[in-house]
Protein chains: 2
Amino acid sequence: MLYEPHLTTRKIIPENQEFPILSLSSRITPDHLFYRRNHCPYPAVDMRTWELQIGGYVDRPLCIRYPELIQMHQVSIPVTLECAGEKRGLFHPKKRGEQWELGASSHAVWTGVRLVDLLHAAGIQSNAIEVTFEGMDQGTRTDMPGVFAFIRSLPIEVALHPDVLIALYMNGEPLPFRHGYPARLIVPGWYGMASVKWLHRINIIDQPFQGPYQRVDYVYERHIEPVSEPVTKIRLNSTIARPSDQEVLARGEHWLIGTAISGEHPVAFVEISMDNGMSWQLAPWLDPHESYSWRRWYLKWTARTPGTYDIRVRATDAAGNVQSETADSNTKGYGYNAIHQIRVYVD
Amino acid sequence: MLYEPHLTTRKIIPENQEFPILSLSSRITPDHLFYRRNHCPYPAVDMRTWELQIGGYVDRPLCIRYPELIQMHQVSIPVTLECAGEKRGLFHPKKRGEQWELGASSHAVWTGVRLVDLLHAAGIQSNAIEVTFEGMDQGTRTDMPGVFAFIRSLPIEVALHPDVLIALYMNGEPLPFRHGYPARLIVPGWYGMASVKWLHRINIIDQPFQGPYQRVDYVYERHIEPVSEPVTKIRLNSTIARPSDQEVLARGEHWLIGTAISGEHPVAFVEISMDNGMSWQLAPWLDPHESYSWRRWYLKWTARTPGTYDIRVRATDAAGNVQSETADSNTKGYGYNAIHQIRVYVD
C-alpha cells in the first residue's frame, strides 16, 4: 500500500502506541493499528506450560489448558477499548505520563468464554467480594522498588456479568500476541486497564485488592479530596477524527467524521458546532447502536467562506448528561472527556 | 521485532509522516523511519520513459536516461534533511498546517551525480540567474485553482555548489520510491523543500521563479513587514530526543540524548540545563563533526532527588549565535528553533 497510516509511538519499552484516529474508516480498527498500552515489557509465553488457573475462595480450583478452553462455549461481543489516559495530552497544564492524544482507543469484536461460566464451574464461595486477574507481564515501577505483575481486580458483581469474557479471538482470529495471546479478559464498558492481557491467574478474594495497578494507578485523585475514586467505566466522550486540528481546507464540500462512546448510559446524540459553540447541529450516525461500541458520526460541510473555523463536538447520553467545556482535572490525568475542539482554515 | 517504533502519521494523502525521534539510536535514520513530507499525492513513475531533462538557458540541452546517469561519476555525502515546518506544533498560539513535532528531520548518506557536472556539461549561459527543479509529483492546492507540479528554484550560485547532488542512492541502496526514486535533488544545509523528489526537469532561467511552492509557501512572512524572506538554510537548532516530555523516571542513572544542527555555521557546542535555565552544562558529542549532518549529543544524569525537572537544550554555533528563548513567530510557522524544553518527573 502506497499510503499507510502507522501507530503513533508514545514509548518504545514498554510499548505504547496510539491508533492514528485520522485514518478512521471502518468501525473495526485494523489489527495493526489497534492501540497498544503496556505497563511492562512483553512477557514470554510458553504454550507448552500455559494454563488458566482459577483459585482462591472457590469450591473447585480449576486449571484449564488452551485446547480445553477453545472447546468451551464461545460468544462474540463487539467492544471498544479505551485507555483511561485517552486525551491526556490535551490537558492544560499538562499531566505527567504518556501524552496520549485522540487515539488511545480502538474497536474489535472479541470472542471467548464467558467468565461467569468459569466462575460457576469453580463455585464461588459466599465470602468472595472481588476477583483478581493476573497477566503474565511484569516489570519495575518508578515509584516503588520491586517487580510487579500486572494485576487488576473487579468487584464480584462485575465479574459475574455475563458480558465479561475470557477472550481467545480478536476479529475472528486467535488473539495477536501483542493483544494478550493466549487469553485476555475483556470488561465491556470499562476503561482498558481492566481488560488484562496474557491472563493466567484468576483469584477470588475476600478483601479489596491492594496492588499498585489498582490503588496507586487508575484512581481519580484530586488535591482537595481526601479519598481517591477508582477509575472504572468509560466516561461519555466524543472525538473529531477528521479533519485534523490546524488543517487547511479548500473551499467546497468536506466530510467530518468522528466517534462517540460511553461505558455508562448509551450515547443519545452527537452535536457539532462550526462556530465555536454558538450554534449546534445534530450529526447523523454512521453506525447502529451497540452496547459497548464506539459509534461513528459524520457531517457533510460545504465550506463557502474563507476563514478560521472552530469546530466542536459534544455527546449527550440517554440520561441527559452532556460533555462539559472543561476536563476533570485529576492529578493523574485520567478520564479526559471535555468537549473536543479543533480549528481549521478555509482558503 | 517485538518493539517497533513507527512513523507518526500527520496526514494520509498527501503522505506526511514524522520520524519518531524518541527512537533515535544510530546517526543514520533507518529508511522505514525516515520522515516523509509530501505536497502532492505520489506520482506514477514509468522507468521506460523517464529521463532527466536539462534545458532553458544552456548551450546543449540534455536528456539523460537512468542507465546513463548511474554510469556517471558519483559522490557520497551525509546530509540531514529537515522540514522547514519542523516543530511547528510547538508554536503558541498554534500555526496552521501540519503539526510537526520533533521528528520532521532525518539523516542519510546520499550518493549521486554532482549537479555542477551536469550543468557544466549543458553549458550555462551568461544570463542565467536561477535553476528550477521539477518533481513528477503534482496536485491541487487549497489557495488557488489548478494543478501544480512541485517545482522549486535555487539561485545559480547555489546550484553550482559542488555538494549539490542529483542523488540516486540513499544509504547505499537505490532511492526508495517514497524518497524520490529514481532521482532526487539534495541541497545540503537547506531545509528539505529544496531537495526535490522524483526530479525529472531542470530548467535554467533568467528571472526569479514565481511558482507557488517558491513564493507562497516557504517564505518567512510577518504581519509587520511588507516583504517576505525566502526560507533557505536550516537554522541553528537542537532537540532532546529522550527522555520525552512529561515522562516519569525512577531515581537513578539516566541518559539524555538528542541532536543539534545548523545549515549556516557549524554547531560549536550544546548545553543542557536541568533547572529550567538557571545553570547550564556542556553536553559531550556522540558524533564527529560533519558539514551537513545532525550531530548527536548525550548527557549522563543521576536523578537523586524526587521532583519535577525542566530540562532545556541550547546550541551555539561557530559564529557565536545562540538559540533564543522564543520562536520566530512568522505567520506560516517555519524555522522554529527556540530552545527546546521538556519536563520530566522523578519519583
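Residues numbered from 1 in each chain as written. Chains lettered and ligands numbered in written order. Predicted model: local features only at pLDDT ≥ 70, side-chain atom pairs only at ≥ 80, totals over all residues. Heavy atoms only, no water.

In the annotation of an unreviewed UniProt entry, chain A is listed under the name Sulfite oxidase and assigned to Paenibacillus pectinilyticus. What UniProt records for chain A under Cofactor (unreviewed entry) is the sentence "Mo-molybdopterin". (UniProt positions renumbered as here; feature names shortened; annotations may be inferred.)

Here we take up the side chain of Glu-271 of chain A. Residues and elements named next belong to chain A. Looking at where Glu-271 falls in the secondary structure, it is placed in strand 19 (residues 267–273). Overall, Glu-271 belongs to the buried group, its relative accessible area being 14%. Ignoring any residue separated from it by four or fewer positions in sequence, one finds Glu-271 in contact with Trp-280, Gln-281, Leu-282, Ala-283, Arg-312, Val-313, Arg-314 and Thr-316. (Helix = DSSP H or I, 4+ residues; strand = E, 2+ residues; numbered from the N terminus. Buried < 20%, exposed > 50% of the residue type's maximum accessible area, 1.4 Å probe, protein only. Contact = heavy atoms within 4.5 Å.)

This part covers helix 2 (residues 115–122) of chain B. Residues and elements named next belong to chain B. Taken together, the buried positions of helix 2 are occupied by Leu-115, Val-116, Leu-118, Leu-119 and Ala-122. Taken end-on, helix 2 shows its buried residues confined to a sector of 160°, consistent with a single buried face. Once helix 2 finishes, Gly-123 follows within two positions and takes phi at roughly 80°, a positive value. (Arc of directions from axis to C-beta.)

This brings us to the confidence of the model for chain A. A low pLDDT means the predicted coordinates there should not be read in detail. Mean pLDDT over chain A stands at 97; residues scoring 70 or higher make up 100%. At the low end of the mean pLDDT range in chain A sits strand 15 (residues 229–230) of chain A, at 96; at the high end sits strand 12 (residues 184–186) of chain A, at 99. (pLDDT = per-residue confidence, 0-100.)

Here the focus is the relation of the copies chain A and chain B. Overlay of chain A on chain B (RMSD 0.0 Å): rotation 180°, translation along the axis 0.0 Å. The transformation just described matches what one would write down for a two-fold rotation axis. Residue Thr-8 of chain A of chain A places its C-alpha closer to the rotation axis than any other residue of that unit, at 2.4 Å. An overlap of 100% is found between the interface residues of chain A and their copies at the interface of chain B, pointing to a shared contact surface. (Least-squares fit on C-alpha atoms with pLDDT ≥ 70 in both.)

Residue and element names in this part refer to chain B. With antiparallel pairing, three strands are arranged side by side in an open sheet as 16-18-21. Edge strands, defined here as strands with exactly one partner in the open sheet, are strand 16 (237–242) and strand 21 (295–303). With direction set aside, neighbouring strand axes in the sheet form an average angle of 25°. By the bridge criterion, nine bridges tie strand 18 (residues 252–261) to strand 21 in an arrangement that is antiparallel. The residue of strand 21 that forms the bridge with Trp-255 is Lys-300. (Pairing = 2+ DSSP bridges. Axes fitted to C-alpha atoms, helices over the stretch in contact; angles between N-to-C directions.)

A few words now on the nonpolar core. Residues and elements named next belong to chain B. Of all hydrophobic cores here, the largest spans 73 residues; its most connected members are Trp-110, Phe-133, Leu-185 and Ile-202. Element by element, the count of residues in this core is highest for strand 10 (residues 165–170), at five residues. Both domains that meet at this core, namely domain 1 (8–230) and domain 2 (237–346), each give it at least three residues. Discounting residues that sit within four places of it in the chain, Leu-185 has contacts with Leu-115, Phe-133, Leu-154, Val-164, Leu-165, Ile-166, Ala-194, Ser-195, Val-196 and Leu-199. (Core = buried A, V, L, I, M, F, W, Y, C linked by side-chain atoms within 4.5 Å. Domains from an automatic or database assignment.)

Time to look at the pairing of strand 19 of chain A. All names here are of chain A. Taken across its seven residues, strand 19 has five buried, putting it largely inside the fold. Two elements, strand 19 and strand 22 (residues 307–317), share six bridges in a ladder whose sense is antiparallel. Bridging from a neighbouring strand, Ser-273 pairs with Arg-312 of strand 22. As paired elements, strand 19 and strand 20 (residues 281–282) share two bridges and run antiparallel to each other. Opposite Ile-272, over in strand 20, you have Gln-281 as the bridge partner.

In this assembly, 39 residues from chain A lie in contact with 39 residues from chain B. Roughly 3,500 Å² of surface becomes buried between chain A and chain B when both sides are summed, with 54% attributable to carbon and sulfur atoms. Contact with chain B buries area across many residues of chain A, yet Tyr-3, Arg-96 and Thr-142 of chain A alone supply 20% of it, more than any other trio. Scanning the region where chain A abuts chain B turns up 10 salt bridges. For Glu-247 of chain B, the salt bridge goes to Lys-11 of chain A, with nearest N and O atoms at 3.8 Å. In this assembly, chain A and chain B are joined by 20 residue pairs in polar contact (both at pLDDT 80 or more). (Buried area = accessible area lost by both parts, 1.4 Å probe. Salt bridge = Lys/Arg side-chain N within 4 Å of Asp/Glu carboxyl O. Polar contact = N/O pair within 3.5 Å; in protein donor to acceptor, adjacent residues only side chain to side chain.)

A few words on the sheet that holds strand 19 (residues 267–273) of chain B. In spatial order, the strands read 17-23-22-19-20 (chain B); together these five strands make up an open sheet with mixed pairing. Strands with a single pairing partner mark the edges of an open sheet, and in this sheet they are strand 17 (248–249) and strand 20 (281–282) of chain B.

Before going further, it helps to examine the layout of surface pockets. Residue and element names in this part refer to chain B. Within this model, the second largest pocket holds a volume of roughly 360 Å³. Surrounding the second largest pocket, 24 residues form its lining, Gly-189, Gly-263, Glu-264, Ser-291 and Tyr-292 being those nearest its centre. For the lining of the second largest pocket, the per-class residue count stands at 10 nonpolar, eight polar and six charged. The residue makeup of the lining of the second largest pocket includes at least three contributed by each of domain 1 (8–230) and domain 2 (237–346). (1 Å grid on protein atoms, 1.4 Å probe; cavity = no way out; pocket = protein on both sides within 12 Å on 5 of 7 lines; lining within 4 Å. Points joined across faces, edges and corners; volume = space filled by probe spheres on them. Nonpolar A, V, L, I, M, F, W, Y, C, P; charged D, E, K, R; others polar.)

Here we take up the domain arrangement of chain A. Residue and element names in this part refer to chain A. Per the domain assignment, the segments making up chain A are domain 1 (8–230) and domain 2 (237–346). Averaged C-alpha coordinates put domain 1 and domain 2 at centres separated by 28 Å. Contacts between the two partners involve 40 residues from domain 1 and, on the opposite side, 31 residues from domain 2. Here domain 1 and domain 2 share an interface that buries about 3,200 Å² over both sides, 54% of which is from carbon and sulfur atoms. When the shortest N-O distance is used, the salt bridge between Glu-290 and Arg-27 registers 3.6 Å. Among the elements of the structure, strand 6 (75–82), strand 7 (105–114) and strand 14 (219–220) are those that each provide at least two residues to the side of domain 1 that touches domain 2. Here the element with the most residues in the side of domain 1 that touches domain 2 is strand 6; it accounts for five residues. Looking at the side of domain 1 that touches domain 2 residue by residue, the class counts come to 17 nonpolar, 12 polar and 11 charged.

Time to look at the UniProt feature "domain: Moybdenum cofactor oxidoreductase dimerisation" (unreviewed entry) in chain A. The feature "domain: Moybdenum cofactor oxidoreductase dimerisation" (unreviewed entry), as given by UniProt, occupies residues 232–345 of chain A in the numbering adopted here. Measuring from the first to the last C-alpha atom of residues 232–345 of chain A gives 38 Å, for a span that is 0% helix and 47% strand.

What follows covers the pairing of strand 13 (residues 199–205) of chain A. Residues and elements named next belong to chain A. Burial of strand 13 is extensive: five of the seven residues sit out of reach of the surface. Note: strand 4 (residues 51–56) against strand 13, four bridges, orientation parallel. Paired with Gly-56 across the two strands is Ile-204, which belongs to strand 13. When strand 8 (residues 130–140) meets strand 13, the two strands line up antiparallel, connected through six bridges. Paired with Val-131 across the two strands is Ile-204, which belongs to strand 13.

A few words now on the environment of Gly-89 of chain A. Mapping Gly-89 of chain A onto the fold places it in the loop between strand 6 and strand 7. Excluding residues that lie within four positions of it along the chain, Gly-89 of chain A makes contacts with Gln-99 and Trp-100 of chain A.

Take the pattern of salt bridges next. Tallying each qualifying case throughout the model produces 47 salt bridges over all chains. The shortest N-O distance in the salt bridge between Arg-27 of chain B and Asp-287 of chain B comes to 3.6 Å. On the criterion of sequence distance, the pair formed by Arg-27 of chain B in the loop between strand 2 (16–18) and strand 3 (36–37) and Asp-287 of chain B in the loop between strand 20 and strand 21 is long-range, its members being 260 residues apart. Of the two residues, Arg-27 of chain B and Asp-287 of chain B, neither departs from the other in class, the shared state being buried. Ionic pairing is found between Asp-143 of chain B and Arg-141 of chain B, a salt bridge with its closest N-O pair at 2.9 Å. Of the residues examined, Asp-143 of chain B reaches a relative accessible area of 34% and is grouped as partly exposed. Beyond isolated ion pairs, a larger network of salt bridges with shared partners links Glu-4 of chain A together with Glu-15, Arg-36 and Arg-178 of chain B.

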